[in-house]
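# Report on the structure
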Amino acid sequence: MAMAQVKPPGPGGGRQVLESMYSMIALVFILVACVELCDAATVVDVYRLIQYDISGAPFGSRLANLNHHAGSLHFAPGSDLSRTVLIIPLRELNISFVTEYITQKQPLGGLLFLLPQIFSIENRERATSNHQIDGEVPMKNYLAELEKLLIHSKIPYPVYFAFEDDDIEAVLADVKRNDVSGQPATATTGGYKLVVSVPEPKKRASPTITNIQGWLSGLKTDGDANQLPTIAIVASYDTFGAAPALSVGSDSNGSGVVALLEIARLFSILYSNPKTRGRYNLLFGLTSGGPYNYNGTHKWLRSFDQRQRESIDYAICLNSIGSWDNDLWIHVSKPPENAYIKQIFEGFSSVAEELGLNVGLKHKKINISNPRVAWEHEQFSRLRVTAATLSELPVAPELLESTGSLVDGRPFVNETAIIRSVKLVAESLARHIYGHEGKNVQIFADNSSLAVNPSYIKSWLDLLSQTPRVAPFLSKNDPFILALKKELEDNTDEVNVQHEVLDGMFTFYDSTRAKLNVYQVASVTFDLLLLLVLGSYLIVLFSFLVITTRGLDDLISLFRRPTSRKVKTA
């Protein structure tokens, strides 16, 4: 009986088997590579700690990219945190711990601070209850202390801020449970991974600062109106804070800007009628570079010719006048005995007494050899122009402090305080202009056509409280700068805009905000189990394909050790 001869499969069948195997192996590697980042938990808006240099000395966060596991303050003692991002709610802030890690340069993967929603720019509700605001006061103090630490330190890892919400709090709750149970997130245990992918921060080349000047001409006489004395009302509008994308400075110096705009509006009404136009020119200056030694004010004044500077009778600078109760301070560089200073202080004191306010006088000499400028009026004093700063602050803040910090938000500004400040300044100036010093004459009386407009103040305060204004990140044609210019154009006779380059001793870096991706990652144990299952499946599949195409003997021969060939020697 003839036996049927089985024809072995051609090379095409073996090639198909190998191609199938290559495809399966590639699939295994793809699945294993992706298994760690297969489950995105949430995406969060985050704001990076500022990165800047002063005369080449680095400060702030020096990195922006983040790709580490999440941890909490409940980590075990002695844990290696070099690959961990600590999530720290402001409500649980341990400032001593943060200070120790930063000052002693302890290894850390990164920091993520969670802030209450009351500090958010989007929190526009002015009707926040006093009880809620009072409850946030301790956290406001904690945040101010934290911010002071962060902006004056060099931190070699990413530091971000975010706001509390249900998603991030759920993630933090899981992280806390794992840390408390002694199973922190690692490559072997899984957990959550925080990822921020942004380009490496780059220097802001030659950042521009913009000064905006408005001019109300006084009543012309036989001579030129430019020969009339001038009173300058000045406010610096830009800010600086730990997070540039959150530095709105509602009080410092949003309140000063709002007050200046309202004063310009009030005097534009008076000066629109020749019968009530004063014999003083009024100069309104919105200056930039305030946090940086009032660099914009310095360059603005230097652009004046000698004759224009000498025409300034005195200047009033407005700084942080929106969070006070009953006390305001007039800061001066000249001695209180100076006739001009005495006149200014007595004029303000008289009006303050009628309004039920207290105004004190603070004298601080300036050191010409010291580049540090504590108050804006000192830039005038250096050019021998009489000037004073009106502020709720009793002492000058340190460099880069109280200039629009994270805690300087809308809920903490008192509109009533700004209204009273406007009345004080406008009434004092008007009495000086019209020769009514010492007289109980109310020019800007309530319920009159010259009354202070609370709605106007509120609308501008709301806008300023939603607009980060860190000068190096504002372009020449930024909508906010254009809005300020238009407002002065509506209320003054002539508006000039000056663009200058910020003093070279300050260098800033971009990447101020980003998206934080929070991923829930599986542990290595799960990866190994998945790899084992897939490997078993592929072995079975491979065996089945070989048996069905080439026979059992060929499958066994694949695993049989080949016989060694003996070399015959002569």
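Since the structure is predicted, the reported quantities are computational estimates derived from the model, not experimental observations. (Residues numbered from 1 in each chain as written. Predicted model: local features only at pLDDT ≥ 70, side-chain atom pairs only at ≥ 80, totals over all residues. Heavy atoms only, no water.)

## Examining the overall build of the chain
We count it as follows: Runs of H or I in DSSP of at least four residues are treated as helices and runs of E of at least two as strands, each being numbered from the N terminus. For every residue, the accessible area (1.4 Å probe, protein chains only) is compared with the maximum for its type, and the residue is labelled buried under 20%, exposed over 50%, or partly exposed between those bounds. Shrake-Rupley sampling with a 1.4 Å probe provides the accessible areas, and residues are treated as covered by the protein chains on show and by no other component.
Looking only at helices and strands, one finds 14 helices and 19 strands in the chain. Taken over 570 residues, the chain has a buried fraction of 51%. Per element, the accessible surface of the chain, about 27500 Å² overall, is 54% carbon and sulfur.

## Concerning the pairing of strand 6 (residues 110-115)
Cut-off, in case you're wondering: Should DSSP find at least two bridges between two strands, the strands are taken to pair. Handedness of a crossover is defined as follows: orient the strands so they point away from the viewer, and if the path from the first strand over the helix to the second runs clockwise, the crossover is right-handed.
Most of strand 6 is tucked away, with six of its six residues classed as buried. As paired elements, strand 5 (residues 84-89) and strand 6 share five bridges and run parallel to each other. Bridge assignment links L86 to a residue of strand 6, and that residue is L111. Between strand 5 and its parallel partner strand 6, the chain crosses via helix 2 (residues 95-103), and the hand of that crossover is right-handed. Strand direction decides the pairing type here: strand 6 and strand 8 (residues 159-163), joined by five bridges, are parallel. Counted as the bridge partner of L115 is F163 from strand 8.

## A look at the sheet that holds strand 17 (residues 494-501)
Here is the rule: To obtain each axis, a line is fitted to C-alpha atoms, and for helices this fit is confined to the stretch in contact; angles are then taken between N-to-C directions over 0 to 180 degrees. Contacts were defined at the residue level, with two residues in contact if any of their heavy atoms lie within 4.5 Å.
With mixed pairing, the eight strands of this open sheet are ordered in space as 15-14-16-13-11-12-10-17. The sheet is open, and its two borders are formed by strand 15 (358-363) and strand 17, each paired with just one other strand. Here the average twist between neighbouring strands, direction ignored, is 20°. Bridge analysis of strand 11 (residues 230-236) against strand 12 (residues 281-287) gives seven bridges, and the strand direction is parallel. The residue bridging I231 from the neighbouring strand is L282, located in strand 12. In the packing of helix 10 (residues 415-434) onto the sheet, the strands contacted are strand 11, strand 12, strand 13 (312-319), strand 14 (327-332), strand 15 and strand 16 (387-391), and the crossing angle to strand 13 comes to about 175°.

## As for the environment of L357
Inspection of the secondary structure assignment puts L357 in the loop between helix 8 (339-355) and strand 15. Assessed through its relative accessible area of 6%, L357 is described here as buried. Taking C-alpha positions, L357 is 8.7 Å from D325, a pair spaced 32 residues apart along the chain.

## Considering the pattern of salt bridges
Opposite charge on two side chains makes pairing possible when the charged atoms of those side chains draw close. What counts here: The working definition used for a salt bridge is a side-chain nitrogen of Lys or Arg within 4 Å of a carboxyl oxygen of Asp or Glu.
Within the structure shown, the criterion is met by 14 salt bridges. Salt-bridge contacts for K176 lead to E92; the nearest nitrogen and oxygen are separated by 2.5 Å. Here K176 is found in helix 4 (residues 166-180), whereas its partner E92 is found in the loop between strand 5 and helix 2, with 84 residues between them in sequence. Put simply, E262 and R265 hold a salt bridge, and the shortest N to O gap is 2.8 Å. Here R265 and E262 lie together in helix 5 (residues 254-271), a separation of three residues that amounts to about one turn. Sharing partners across several salt bridges, the network here consists of R410, E415, K458 and D462.

## Observations concerning the environment of V248
Checked against the element boundaries, V248 lands in the loop between strand 11 and helix 5. Residue V248 is classed as buried on the basis of its relative accessible area, which comes to 4%. Each residue touching V248, except ones within four places of it in the same chain, is listed here: I121, T239, G404, D408, L464, S465, Q466, T467, P468 and R469.

## Some remarks on the side chain of Q51
Put simply, the rule reads: Think of a polar contact as two N or O atoms within 3.5 Å of one another; within protein, one of them needs to be a possible hydrogen donor and the other a possible acceptor, and neighboring residues in sequence only count if both atoms come from side chains.
Among the secondary structure elements, Q51 is positioned in strand 2 (residues 51-54). Since its relative accessible area comes to 5%, Q51 is described here as buried. Within the structure, Q51 has its side chain in polar contact with the side chain of R48 (distance 3.0 Å). What Q51 contacts, discounting residues up to four positions off in sequence, is F59, S61, R62, P201, T507, F508 and Y509.

## Side note on helix 4
Selection criterion: Any helix carries an expected span of 1.5 Å times its number of residues minus one. What the arc covers is the set of directions going from the helix axis to the C-beta atoms.
In a regular helix each residue adds 1.5 Å, so 15 residues correspond to 21 Å; helix 4 covers 21 Å between its end C-alpha atoms and thus fits that length. Along helix 4, the residues that are buried comprise I168, V171, L172, V175, K176 and D179. Mapping the buried residues of helix 4 onto a view down its axis gives an arc of 140°, with all of them on the same face. Facing away from the buried side of helix 4, by more than 90 degrees, are the exposed residues D166, R177 and V180. The opening residue of helix 4, the one whose side-chain oxygen lies 3.2 Å from the backbone nitrogen of D167, is D165. G182 sits one or two residues past helix 4 and shows a positive phi near 85°.

## Quick word on the sheet that holds strand 3 (residues 57-61)
The sheet built from four strands is open, its strands ordered 7-3-2-18 with mixed pairing. Among the strands making up the open sheet, the edge pair consists of strand 7 (154-155) and strand 18 (506-508). As paired elements, strand 2 and strand 3 share four bridges and run antiparallel to each other. Residue pairing across strands places Y52 opposite F59, the latter belonging to strand 3.

## With respect to the side chain of E401
For clarity, the cut-off: Here the positive residues are Lys and Arg and the negative ones are Asp and Glu; neither His nor the chain ends is included.
Among the structural elements, E401 can be located in the loop between strand 16 and helix 10. Buried within the structure, E401 lacks any salt-bridge partner; K148 is the closest side chain of opposite charge, at an N-O distance of 4.4 Å. Reaching out from E401, the side chain makes a polar contact with the side chain of H152 at a distance of 3.0 Å. When near neighbours in sequence (up to four residues on either side) are disregarded, E401 contacts K148, I151 and H152.

## A look at the packing of aromatic side chains
Worth spelling out the cut-off: For this analysis, a ring pair means two rings from Phe, Tyr or Trp (six-membered ring only for Trp) whose centres lie within 6.5 Å, classed as stacked if their planes differ by under 30 degrees, edge-to-face if by over 60, and tilted for the remaining angles. Whether a charge sits over a ring depends on NZ of Lys or CZ of Arg being within 6 Å of the ring centre and within 35 degrees of the ring normal.
Across all of its chains, the model carries 17 aromatic pairs by this definition. When the ring of F97 is compared with that of Y101, the centres are 4.6 Å apart and the planes differ by 45°; the resulting orientation is tilted. With F97 and Y101 both in helix 2 and four residues apart, this pair spans about one turn of that helix. On the basis of relative accessibility, which here comes to 13%, the residue F97 falls in the buried class. Consider the rings of W300 and F304, whose centres lie 5.1 Å apart with planes at 75°: the pair is edge-to-face. Residue classification places W300 among the buried positions, given a relative accessible area of 2%. Using a relative accessible area of 6% as the deciding quantity, one classes F304 as buried. Taken together, Y52, F59, F240, Y292, F506 and F508 form an aromatic cluster joined through their ring pairs. Just above the ring of Y456 sits the side chain of R265; from NZ or CZ to the centre is 5.5 Å.

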